[in-house]
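# An overview of the molecular structure
Okay, here's what each chain looks like letter by letter:
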Amino acid sequence: MIDARHIVQELQEMREEGHLSDALLRFAVRAIHAADDRFDWVGVYLLTDDRLELWLHNYMGAPTEHARIPVGEGICGMAVAQGANQNVPDVSAFPGYLACSPDVRSELVVLIRAGGEIFGQFDIDSHQSEAFSPLDEAALQMVADKLAEQLARERR
Ligand code: SME
C-alpha cells in the first residue's frame, strides 16, 4: 500500500528546499514504484503545450516503446480526452489499448491537474489483473495534486 501522506510530505519538503518539478516527478515515480509489489511499471507522462500528445518524462520498470502517446489513444490518451482517471481491471478488454509489455494485466492512470488544467498523468501497470482499488487511486491522486501545485507554479 502506498503511504501517500509520507510521499506528499517529502515532496513538500523538496519544494521548500527549492527543487523543481523535474526532481519532484523523478522522486515520486521512484517512491510509488518502491511502495508496492503490484506496481510493476510506474511512469509520468506530461501533456505538451498544444495538448495533442503525452510525452514520457521518467519511469521505473521495463523499457517501453510508448515514449509519446497522442491524446485520445490508448488508456493514457483516453484519460486526457475524457478528463478522467482510468482504472482498467483487464487491459485486454480496453479498445485501442497500447501494450507496454505482454505481462501487463491491469492499468491505472491518474491525472496530474490543477483547476481546469491537465499537466500530465501517472501511469501504473500491474502484472496482476484487477490490481488497483479506489484507495490506490485516491492515494495516487494525493501525490498527483502535490505535483500539480509545483507544475502550476512553474507555468506562471
Ligand atoms: N498502456 C498504455 C501505454 C503506456 S505503456 O503502458 C507504458 C496505454 O494504453 O495508453
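Residues numbered from 1 in each chain as written. Predicted model: local features only at pLDDT ≥ 70, side-chain atom pairs only at ≥ 80, totals over all residues. Heavy atoms only, no water.

The next subject is the site of the ligand. Near the ligand, the surroundings consist of 13 residues, among which Ile-75, Cys-76, Leu-98, Glu-107 and Asp-125 are the closest. Taking Leu-98, its main chain carries an N or O atom lying 2.7 Å from a nitrogen atom of the ligand. In this structure, an oxygen atom belonging to the ligand sits 3.0 Å away from a side-chain N or O atom of Asp-125. For the ligand, whose unbound accessible area comes to 310 Å², protein coverage reaches 100%. Elements with a minimum of two residues in the shell around the ligand: strand 1 (41-47), helix 3 (74-82) and strand 6 (117-126). (Near = heavy atom within 4 Å. Polar contact = N/O pair within 3.5 Å; in protein donor to acceptor, adjacent residues only side chain to side chain. Areas by Shrake-Rupley, 256 points an atom, 1.4 Å probe, with all protein chains shown as cover. Helix = DSSP H or I, 4+ residues; strand = E, 2+ residues; numbered from the N terminus.)

Moving on to unusual backbone geometry. Glycine aside, residues mostly have negative phi angles, and peptide bonds mostly take the trans form. Unlike most non-glycine residues, Arg-51 shows phi in positive territory, near 60°. Notably, Glu-130 is not glycine yet its phi reads approximately 50°, a positive angle. For Glu-130, the location among the structural elements is in the loop between strand 6 and helix 4 (134-155).

Strand order in the open sheet formed by six strands is 3-2-1-6-5-4, and the pairing between neighbours is antiparallel. Edge positions in the open sheet fall to strand 3 (68-70) and strand 4 (86-88), since each of these has one partner strand only. Sheet twist, expressed as the average angle between the axes of neighbouring strands with direction ignored, equals 20°. Strand contacts of helix 2 (residues 21-35): strand 1, strand 2 (53-60), strand 5 (106-114) and strand 6, with the helix running at about 60° to strand 2, the strand carrying the most contacts. (Pairing = 2+ DSSP bridges. Axes fitted to C-alpha atoms, helices over the stretch in contact; angles between N-to-C directions. Contact = heavy atoms within 4.5 Å.)

With that out of the way, let us pick up the pairing of strand 6. Burial runs high along strand 6: nine of the ten residues are buried. Of the strand pairs in this sheet, strand 1 and strand 6 are connected by six bridges, and their pairing is antiparallel. Counted as the bridge partner of Leu-46 is Gly-120 from strand 6. With nine bridges joining them, strand 5 and strand 6 adopt antiparallel strand pairing. Residue pairing for strand 6: Glu-107 is matched across the bridge by Asp-125. Hairpin geometry of strand 5 and strand 6 is characterised by an intervening segment of two residues between the two adjacent antiparallel strands and by a positive phi of about 60° at Gly-115. (Buried < 20%, exposed > 50% of the residue type's maximum accessible area, 1.4 Å probe, protein only.)

This part takes up the side chain of Thr-48. Positionally, Thr-48 belongs in the loop between strand 1 and strand 2. Its relative accessible area of 15% is what places Thr-48 among the buried residues. Apart from the residues lying within four places of it in its own chain, the contact partners of Thr-48 are Glu-53 and Trp-55.

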